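What the coordinates show
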Amino acid sequence: MACLLETPIRMSVLSEVTASSRHYVDRLFDPDPQKVLQGVIDMKNAVIGNNKQKANLIVLGAVPRLLYLLQQETSSTELKTECAVVLGSLAMGTENNVKSLLDCHIIPALLQGLLSPDLKFIEACLRCLRTIFTSPVTPEELLYTDATVIPHLMALLSRSRYTQEYICQIFSHCCKGPDHQTILFNHGAVQNIAHLLTSVSYKVRMQALKCFSVLAFENPQVSMTLVNVLVDGELLPQIFVKMLQRDKPIEMQLTSAKCLTYMCRAGAIRTDDNCIVLKTLPCLVRMCSKERLLEERVEGAETLAYLIEPDVELQRIASITDHLIAMLADYFKYPSSVSAITDIKRLDHDLKHAHELRQAAFKLYASLGANDEDIRKKIIETENMMDRIVTGLSESSVKVRLAAVRCLHSLSRSVQQLRTSFQDHAVWKPLMKVLQNAPDEILVVASSMLCNLLLEFSPSKEPILESGAVELLCGLTQSENPALRVNGIWALMNMAFQAEQKIKADILRSLSTEQLFRLLSDSDLNVLMKTLGLLRNLLSTRPHIDKIMSTHGKQIMQAVTLILEGEHNIEVKEQTLCILANIADGTTAKELIMTNDDILQKIKYYMGHSHVKLQLAAMFCISNLIWNEEEGKRLVRFVLKKITGGKAAGAPEILGAGLIQWVPSTQRSHLGMRIDGTSLSQLDS
């Protein structure tokens, strides 16, 4: 059975195996049951706090024998219980120990043990299962393989405070997404766990609270249920609010705040509810104070970032609560040379995890600056903030880089900052480096931010163009990730806005007409819309229109025809008619419409469409075809004759009445700021 350590580790450990270790294993095979029991008890005492001894015993084959004794019907309940205790102690060693136990199929054996009528044995099995399932190397799916396990665990919740603590801890660690939430919810997790919040045991209350936080995360069904649950006459939200009070342990305050935050984000609690504005938000801000431990500051900042991310008013309230913006600046100075930490182990831990503080600060700054210009200004004016963000773009931690890019993206929504701070710090340079070689999760946000740096009024646009951005963005349009395709084509659309002919030619050459038309048939609506926007921007200014249509006219007209004939929504067809209107504004390009009866008939059809946007877009096409300074009236009659079958009398006056004004959505060129790059719910929860 493959339940030993990996070969290199096994060889190093074997060289240190002592005679006493062999003696412990040998005693497990004694024919006298009492001697076996005493041997297991002695083994239990020997491995407590001794990782070397644990590794020795695993290498010598103790685990298979312990599991055998645990499952034997002839074994006494006391022996089975002691075997479960030893196995739990072995699991508390290294991750390799846990891997070895998993290789020996320990989980099915322990789950089988839960069917025993003996409470002490059940508790020992649950304690061991808790240790194994809370290890990062254990797949949580192992809990859900047998459909009878979850309902049996629910039934065991009433047996003792230990079963309550261990089972809730197992649930909170093994609930990793909507499928797991649904399974637990459908088996009565809310009803079975709710009353545990009033348990006399602090550990039970905490584990129950953690269960509700993972059940409610991004789950409207669970959250809406929690709002209406009564425990001893009190609604759950009221109980959570009580657990937020300053006299409660920090762990309880934080977890209660997470529960209320997740319920709010899931739509079960209004963002202007007092329990959010006056209780949850201030509690999370308190957690950001430098008096708190590193992990508390990280969790507080990240939870607060998630809470306020979509709500402007919460962002404004948070920004003026306890000088939060200035308080977050301390996250970049930790631990300082005059740190108050006297515990060497704590200092060593914090030095290794200081990057998590920077990541949390970037996340919270990103949420704070998502909408309000004044808040963005305060963030940027905070001590060395732009330098810190730029430095964050090159950190070794992927998570810190991602958070730094998100922060920059949030700040890049400001026209003023794009023109000033972003230019002063040459933000585009490190951003282009990030885009060269980064995981998709970073590329999505970085390319989204690049869309904003390529807006017409951004001073960074020109140097970005000179640094080879066209090829990079064209490459993104070929990604399998739809978000990267959208961002790539969006950035190209902004780049082409009122651009010189050379830039437009570079875009068409690098993108290729084949790829352009693949994008026009993309299944993602956002990709299609931005590709149409790119075409509109490319086909603006008469000389540019004529030049592009002289080389790509046939393919463009074919694409336009296919879209107008296809099952597309109003916005797509409006954009397509605007492209036709731009082509009609060309000097020679308009002939491609004038000589195409099929296109003219489609324009006629949309002039009579029930939707006013399509009517106006179609009339705009006719307007551009007709109004030629030299040949105005002749062209009017010629075009109208083509689309009306020879009945053109009085038509110029009719058309003129409809062409007095034009709606903003169909301007000749198209520009767009990218504001919805990512969401915190996609990061770490």
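Residues numbered from 1 in each chain as written. Predicted model: local features only at pLDDT ≥ 70, side-chain atom pairs only at ≥ 80, totals over all residues. Heavy atoms only, no water.

Within the protein chain, the secondary structure is distributed over 42 helices and 2 strands. For the protein chain, restricting intrachain contacts to residue pairs at least 6 apart in sequence, the fraction spanning at least 24 positions comes to 70%. For the protein chain, the accessible area works out to roughly 30100 Å², and carbon and sulfur atoms hold 52% of it. (Helix = DSSP H or I, 4+ residues; strand = E, 2+ residues; numbered from the N terminus. Contact = heavy atoms within 4.5 Å. Areas by Shrake-Rupley, 256 points an atom, 1.4 Å probe, with all protein chains shown as cover.)

Further remarks concern the packing of helix 14 (residues 202-216) against helix 17 (residues 250-265). Contact geometry of helix 14 with helix 17 gives a least axis separation of 8 Å together with a crossing angle of 25°. Here helix 17 runs roughly parallel to helix 14, going by the angle between their axes. The two elements helix 14 and helix 17 meet at a crossing, and its hand is left-handed. Each of Y202, R205, M206, L209, K210, F212, S213 and A216 in helix 14 lies in contact with helix 17, whose residues at this interface are E251, M252, T255, S256, K258, C259, Y262 and M263. (Axes fitted to C-alpha atoms, helices over the stretch in contact; angles between N-to-C directions. Parallel < 35°, antiparallel > 145°, perpendicular 65-115°, else oblique. Left-handed = near helix turned anticlockwise from the far one by under 90°.)

Turning our eyes to something else, we now look at the environment of D146. Locating D146 in the fold gives a position in the loop between helix 9 (119-133) and helix 10 (149-156). For D146, a relative accessible area of 40% puts it in the partly exposed group. Sequence spacing of D146 and L111 is 35 residues, and the spatial spacing of their C-alpha atoms is 9.8 Å. (Buried < 20%, exposed > 50% of the residue type's maximum accessible area, 1.4 Å probe, protein only.)

Looking now at the pattern of salt bridges. Per the counting criterion, the structure on display carries 24 salt bridges. Residue K44 pairs with E82 through a salt bridge whose shortest N-O separation is 3.0 Å. Here K44 is found in helix 3 (residues 33-47), whereas its partner E82 is found in helix 6 (residues 77-91), with 38 residues between them in sequence. For E82, a relative accessible area of 13% puts it in the buried group. In this structure, R485 and D522 form a salt bridge, with 2.9 Å as the shortest nitrogen-oxygen distance. With R485 in helix 32 (residues 482-496) and D522 in the loop between helix 34 (513-520) and helix 35 (525-538), this residue pair connects regions lying 37 residues apart in the sequence. Residue R485 is classed as buried on the basis of its relative accessible area of 13%. (Salt bridge = Lys/Arg side-chain N within 4 Å of Asp/Glu carboxyl O.)

Considering the arrangement of structural elements, one finds G608 in the loop between helix 39 (597-607) and helix 40 (612-626). With a relative accessible area of 63%, G608 lands in the exposed category. Along the primary structure G608 and A618 are separated by 10 residues, whereas in three dimensions their C-alpha atoms are 8.9 Å apart.

What follows concerns the side chain of R286. You can see R286 is positioned in helix 18 (residues 274-286). Put simply, R286 is tucked away with no salt bridge, and the nearest opposite charge, on D322, sits 7.0 Å away. Residues contacting R286, with those up to four places away along its chain left out, are L244, R246, Q253 and R292. (Lys, Arg positive; Asp, Glu negative; His and termini not counted.)

What follows deals with the UniProt feature "repeat: ARM" (unreviewed entry) in the protein chain. UniProt's feature table lists "repeat: ARM" (unreviewed entry) at residues 61-97, given in the numbering used throughout. The straight-line gap between the two end C-alpha atoms of residues 61-97 is 12 Å; of that span, 76% is helix and 0% is strand. (UniProt positions renumbered as here; feature names shortened; annotations may be inferred.)

Let's shift gears to the packing of aromatic side chains. Between two aromatic rings, the relevant description is the distance of the centres plus the angle of the planes. Evaluated as defined, the whole model comprises 7 aromatic pairs. Aromatic side chains Y605 and Y606 sit 4.9 Å apart centroid to centroid with 75° between the ring planes, which places their arrangement in the edge-to-face category. Given a relative accessible area of 4%, Y606 falls into the buried group. Connected via pairs of aromatic rings, a cluster forms that spans F217, Y262 and Y306. Stacked on the ring of W490, the Lys or Arg K530 has its end atom at 4.1 Å from the ring centre. (Phe/Tyr/Trp six-rings, centres within 6.5 Å; stacked < 30°, edge-to-face > 60°. Lys NZ or Arg CZ within 6 Å of the ring centre and 35° of its normal.)

Among the nonpolar cores identified, the biggest contains 234 residues, and F212, L368 and L580 are the most heavily contacted of them. Those residues in contact with L368 that lie beyond four places of it in its chain are I308, Q315, A318, S319, L324, I325, L328, I375 and I379. (Core = buried A, V, L, I, M, F, W, Y, C linked by side-chain atoms within 4.5 Å.)

At D232, a residue that is not glycine, the phi angle is positive and equals roughly 55°. Tracing the chain through its elements places D232 in the loop between strand 1 (230-231) and strand 2 (234-235). Under the relative-accessibility criterion, D232 is labelled exposed at 70%. Here the phi dihedral of Q498 falls at roughly 50°; this positive angle occurs in a residue that is not glycine. Its location among the elements puts Q498 in the loop between helix 32 and helix 33 (501-511). Overall, the relative accessible area of 54% leaves Q498 in the exposed class.

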